[in-house]
Amino acid sequence: MGLTRSEIFTDEQNQLSQLLKAMAHPARIAILQRILISNTCICGDLVEELGLAQATISQHLKELKTAGLIQGTIEGVSVCYCINPVTWKMMEKQLGAFLSSYKGEVKCC
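The name given to the chain in an unreviewed UniProt entry is DNA-binding transcriptional regulator, ArsR family, with Pedobacter steynii as the source organism.

*Asks:* Would you mind going over the overall build of the chain with me for this structure?
*Replies:* Scanning the chain from terminus to terminus reveals 5 helices and 2 strands. Across the chain, helices and strands are ordered from the amino to the carboxyl terminus as α-α-α-α-β-β-α. For a compact globule of 109 residues, the expected C-alpha radius of gyration is about 13 Å, and the chain comes in at 17 Å, more than 25% above that figure. With the C-alpha coordinates of the chain rotated into their principal frame, the extents come out at 55 × 40 × 25 Å. Within the chain, buried positions represent 25% of all 109 residues.

*Asks:* I'm lost on the side chain of His60 in this one. Help?
*Replies:* In this structure, His60 sits in helix 4 (residues 54-67). One polar contact links His60 to Arg28, side chain to side chain, over a distance of 2.9 Å. Setting aside chain neighbours within four positions, we find His60 in contact with His25, Ala27, Arg28 and Ile31.

*Asks:* Please explain helix 2 (residues 26-38) as it appears in this structure.
*Replies:* Given 3.6 residues to a turn, an α-helix orients residues that are three or four positions apart in the same direction. Compared with the 18 Å implied by 1.5 Å per residue over 13 residues, the 18 Å span of helix 2 between its first and last C-alpha is a close match. Within helix 2, the full set of buried residues consists of Ala27, Arg28, Ile31, Leu32, Arg34 and Ile35. The arc that holds the buried residues of helix 2, viewed along the axis, is 155°, so those residues lie on one side. Of the exposed residues in helix 2, the ones pointing more than 90 degrees away from its buried face are Pro26 and Ile37. The inward-facing, buried residues of helix 2 abut helix 1 (11-23), helix 3 (46-50), helix 4, strand 1 (70-75), strand 2 (78-83) and helix 5 (85-100). Positioned one or two residues after helix 2, Asn39 has a phi angle of 55°, which is positive.

*Asks:* What is the right way to look at the UniProt feature "domain: HTH arsR-type" (unreviewed entry) in the chain in this model?
*Replies:* UniProt feature "domain: HTH arsR-type" (unreviewed entry): in the numbering of this structure it lies at residues 8-103. Here residues 8-103 runs as 64% helix and 12% strand, with 26 Å between its end C-alpha atoms.

*Asks:* Mind showing me how you'd approach helix 1 here?
*Replies:* Its 13 residues place the ends of helix 1 19 Å apart at the C-alpha level, agreeing with the 18 Å of an ideal helix rising 1.5 Å per residue. Leu16, Leu19, Ala22 and Met23 are the residues of helix 1 that are buried. Along the axis of helix 1, the buried residues cluster in a sector spanning 125°; they form a single face. On its buried side, helix 1 packs onto helix 2, helix 4 and helix 5.

*Asks:* Just checking my understanding: could you explain the packing of helix 2 against helix 4 for this structure?
*Replies:* Between two packed helices, the angle of one axis relative to the other and the distance separating the axes together describe the packing. Between helix 2 and helix 4, the shortest axis-to-axis distance is 10 Å and the interhelical angle comes to 75°. Put simply, helix 2 runs roughly perpendicular to helix 4. Note on element contacts: helix 4 touches helix 2 through Ile57, His60, Leu61, Glu63 and Leu64, opposite Ala27, Arg28, Ile31 and Leu32. Classifying every residue of the contact of helix 2 with helix 4 gives 6 nonpolar, 1 polar and 2 charged.

The rules we used
Residues numbered from 1 in each chain as written. Predicted model: local features only at pLDDT ≥ 70, side-chain atom pairs only at ≥ 80, totals over all residues. Heavy atoms only, no water. Helix = DSSP H or I, 4+ residues; strand = E, 2+ residues; numbered from the N terminus. Rg over C-alpha atoms; globule rule 2.2 N^0.38 Å. Buried < 20%, exposed > 50% of the residue type's maximum accessible area, 1.4 Å probe, protein only. Polar contact = N/O pair within 3.5 Å; in protein donor to acceptor, adjacent residues only side chain to side chain. Contact = heavy atoms within 4.5 Å. Expected span 1.5 Å × (residues − 1). Arc of directions from axis to C-beta. UniProt positions renumbered as here; feature names shortened; annotations may be inferred. Axes fitted to C-alpha atoms, helices over the stretch in contact; angles between N-to-C directions. Parallel < 35°, antiparallel > 145°, perpendicular 65-115°, else oblique. Nonpolar A, V, L, I, M, F, W, Y, C, P; charged D, E, K, R; others polar.

Quick look at the structure:
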């Protein structure tokens, strides 16, 4: 039986990899960009904007919510989604630290 071996990595490494995995689809990036641009909760207007089926968008929203990148509330018959600020700030900090750890070009390969 195969193991993920996640126990050999730090909590931060595991957490960041899960968040990046959840984002690793162009439709999910587009959904996140749409939420960020609107700077508010969005309630069901993604189908027309993205040109994807409602079922497809719902599945991507579910993945983003499960990862904690977005949060949702039920308003009447619709579900509204917005960025989860706690997770977003944590990811921004961790990913920023990771990307900024690159010291520049070295002559090694």
